[in-house]
Amino acid sequence: MTVTVRFAPSPTGRLHVGNARVALINWLYAKRHGGNFVLRIDDTDLERSREEYEVAIREDLTWLGLTWDRQEHQSKRIDRYELAADKLRAEGRLYACYETPEELDYKRKRQMARNVPPVYDRAGLALTAEQRAALEAEGRKPHWRFRLDTGEVQWDDLVRGPCHYRGEHLSDPVLIRADGSHLYTLPSVVDDIELGISHIIRGEDHVTNSAVQIQIFRALGAEPPVFAHLSLLTDATGAGLSKRLGSMSLGDLRGQGVEALALNSLLAKLGSSDSIHPCQSMDALVGEFDIASFSRATPKFDPVELEHINARLLHDMPYAAAAERLRAVGIDGDEAFWLAVRPNLGFIADARDWWHICREAVAPVVEDAGFLAQAAEVLPPEPWGVETWKAWTSAVQKATGRKGRELFHPLRLALTGRENGPELKTLLPLIGSPRAAARLRGETA
């Protein structure tokens, strides 16, 4: 069996990290098994769907490195859903109902007041042809419900294990609204059948939907795919995420300078028993991925943890991977510069500060002008390398008798204007002799 999975966002808002986690896990599962990743745009909600959100979805997935093998739009497949609905009507599985939202709400409240589960009473099934005609004469238009079979629906979930629901405990779901538009359920099943989806990996908020959809799959003559329902991601406080509220949107994280691999490294492991650590490639993430490691515990997304992973990723990143990112933030730094500054970076943009210190005018911080003048006198001639710092500070120590912090701290302040930073043995050759000498004299250089 060829593994084929799908990520099916609706273009009604920006993707947040919870959406990204589902997309990533689907992609990793497909690549781990040599399969296909389908991007399905669920744009049947014409009122709320926006082209700019669809563009943003593709941009976000591309930034994450989640390339898709096929893309579909539900809005272009309405005829397929109508054919499926006609089949279900012909077989008595889709029936017309005429209650208004207010009438349905009244029924639910009465059931709850009697401590009865608020399951639809199938009044629509009991209507005669004459009663339906009378309701339509009043101007009512029907919505259409799928008639569920009684008995147990069960499946073996890749994350939750054995799952089972009884059909009689569930309301017959509305598949088509009174205006003729389709809700999520039927189009999703039709697409999964016709696109050859083998595994549905999604959030646990769809578990009950799965019990319903399994019956629809079988009513349409297809065996259901394998299901995996992931625990929903929350923020660090335990609150839920919403793309319409812009919670932790991928656009915002990208704007903050977060590395896609850092975010992927975190999201790929949240909710699993695997240790979280930065991976330097998507191939490495694929090699470590195992859906069996995910549990039903609620994973929390902590931006502070993401920052730590982002920093660790940069600290190990080779120059070949960093070069383009440096140029993107206006730095024409070579490998020597990158290796010197990367241990001190939280984000790539932080390297601009050290590029400024190495290549542009800096006002030194002078603690002891006399000491700095003595240090300047014993500056060795260029060329300078990683051994220059040790040779020079040994000469300064001999000339002044200083050692430890009294020796090194004033030199760092004068050369960089900073209390802390990269090792000066790697930074000094990048600053160069003219700038170093001028800064030791207290000059901005």
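Below, the structure is looked at part by part.

What counts as what
- Residues numbered from 1 in each chain as written.
- Predicted model: local features only at pLDDT ≥ 70, side-chain atom pairs only at ≥ 80, totals over all residues.
- Heavy atoms only, no water.
- Helix = DSSP H or I, 4+ residues; strand = E, 2+ residues; numbered from the N terminus.
- Rg over C-alpha atoms; globule rule 2.2 N^0.38 Å.
- Buried < 20%, exposed > 50% of the residue type's maximum accessible area, 1.4 Å probe, protein only.
- Areas by Shrake-Rupley, 256 points an atom, 1.4 Å probe, with all protein chains shown as cover.
- Lys, Arg positive; Asp, Glu negative; His and termini not counted.
- Charge placed at Lys NZ, Arg CZ, Asp CG, Glu CD.
- Pairing = 2+ DSSP bridges.
- Axes fitted to C-alpha atoms, helices over the stretch in contact; angles between N-to-C directions.
- Contact = heavy atoms within 4.5 Å.
- Salt bridge = Lys/Arg side-chain N within 4 Å of Asp/Glu carboxyl O.
- Arc of directions from axis to C-beta.
- Polar contact = N/O pair within 3.5 Å; in protein donor to acceptor, adjacent residues only side chain to side chain.
- Core = buried A, V, L, I, M, F, W, Y, C linked by side-chain atoms within 4.5 Å.

**Description of the overall build of the protein**
At step 1: Looking only at helices and strands, one finds 19 helices and 12 strands in the protein.
At step 2: Over its C-alpha atoms the protein spans a radius of gyration of 31 Å, topping by over 25% the 22 Å that the globule rule assigns to 445 residues.
At step 3: Summarising its shape, the C-alpha atoms of the protein cover approximately 110 × 45 × 40 Å along the three principal directions.
At step 4: Expressed as a percentage of the 445 residues in the protein, the buried residues total 48%.
At step 5: Carbon and sulfur atoms make up 49% of the accessible area of the protein, which amounts to about 21,000 Å² in all.
At step 6: For the protein, the separation between the mean place of its 55 positive charges and that of its 63 negative charges on side chains is 2 Å.

**Details of the sheet that holds strand β2 (residues 36-41)**
At step 1: Spatially, the three strands line up as an open sheet ordered β1-β2-β3, and their pairing is parallel. Each end of this open sheet is capped by a strand with a single partner; those strands are β1 (4-7) and β3 (70-73). Strand-to-strand twist of the sheet, defined as the mean angle between neighbouring strand axes without regard to direction, takes the value 25°.
At step 2: Here β1 pairs with β2 via four bridges, running parallel. When the sheet's bridge partners are listed, V5 is paired in β2 with F37.
At step 3: Packing against the sheet, helix α1 (residues 17-32) makes contact with β1 and β2, and its axis sits at approximately 165° to β1.

**Details of the pattern of salt bridges**
At step 1: With the rule as written, the count across this model stands at 33 salt bridges.
At step 2: Here R40 makes a salt bridge to D192, at a shortest N to O gap of 3.4 Å. Taken as a pair, R40 in strand β2 and D192 in helix α6 (residues 185-194) lie far apart in primary sequence, 152 residues in all. Side by side, R40 and D192 carry an identical accessibility label, which is buried.
At step 3: Two residues, K87 and E91, come together in a salt bridge whose shortest N-O distance is 2.8 Å.
At step 4: According to the relative accessible area criterion, K87 is partly exposed, its value standing at 35%.
At step 5: The network of salt bridges with common partners includes R6, R40, D42, R77, R80, D191, D192 and E194.

**Some details on helix α15 (residues 369-377)**
At step 1: Inspection of α15 places F371, L372 and A375 among the buried residues, and these make up the whole buried set. With its buried residues spanning 95° around the axis, α15 presents them on a single face. Those residues of α15 that are exposed and angled more than 90 degrees off the buried face are A369 and E377.
At step 2: Turning to α15, the residues buried within the fold contact α16 (388-400), α17 (405-416) and α19 (433-440).
At step 3: The distance from a side-chain oxygen at the start of α15 to the backbone nitrogen of G370 is 3.1 Å, and the residue carrying that oxygen is D368.

**Section: the nonpolar core**
Across soluble globular proteins, nonpolar side chains show a tendency to be buried alongside one another.
At step 1: By size, the foremost hydrophobic cluster in this structure holds 86 residues, and its most contacted members are V17, L263, L267, F301, F337, W392 and L411.
At step 2: The element that contributes the greatest number of residues to this core is α1, accounting for 10 residues.
At step 3: For L263, the contacting residues outside a window of four places in its chain are V17, W63, L64, L250, L253, V258, F301 and L306.
At step 4: Of all hydrophobic cores here, the second largest spans 30 residues; its members include L94, C163, L170 and V190.

**Considerations on the sheet that holds strand β5 (residues 143-146)**
At step 1: Pairing in this open sheet of three strands is antiparallel, and the strands run β4-β5-β8 from one edge to the other. The strands lining the two open edges of the sheet, one partner per strand, are β4 (94-97) and β8 (174-176). For this sheet, the mean angle separating the axes of adjacent strands, direction not counted, is 45°.
At step 2: One ladder, built from two bridges, connects β5 with β8; its direction is antiparallel. Considered in β8, the bridge of R145 is made with V174.

Keep in mind these numbers describe shape, not what the thing actually does.
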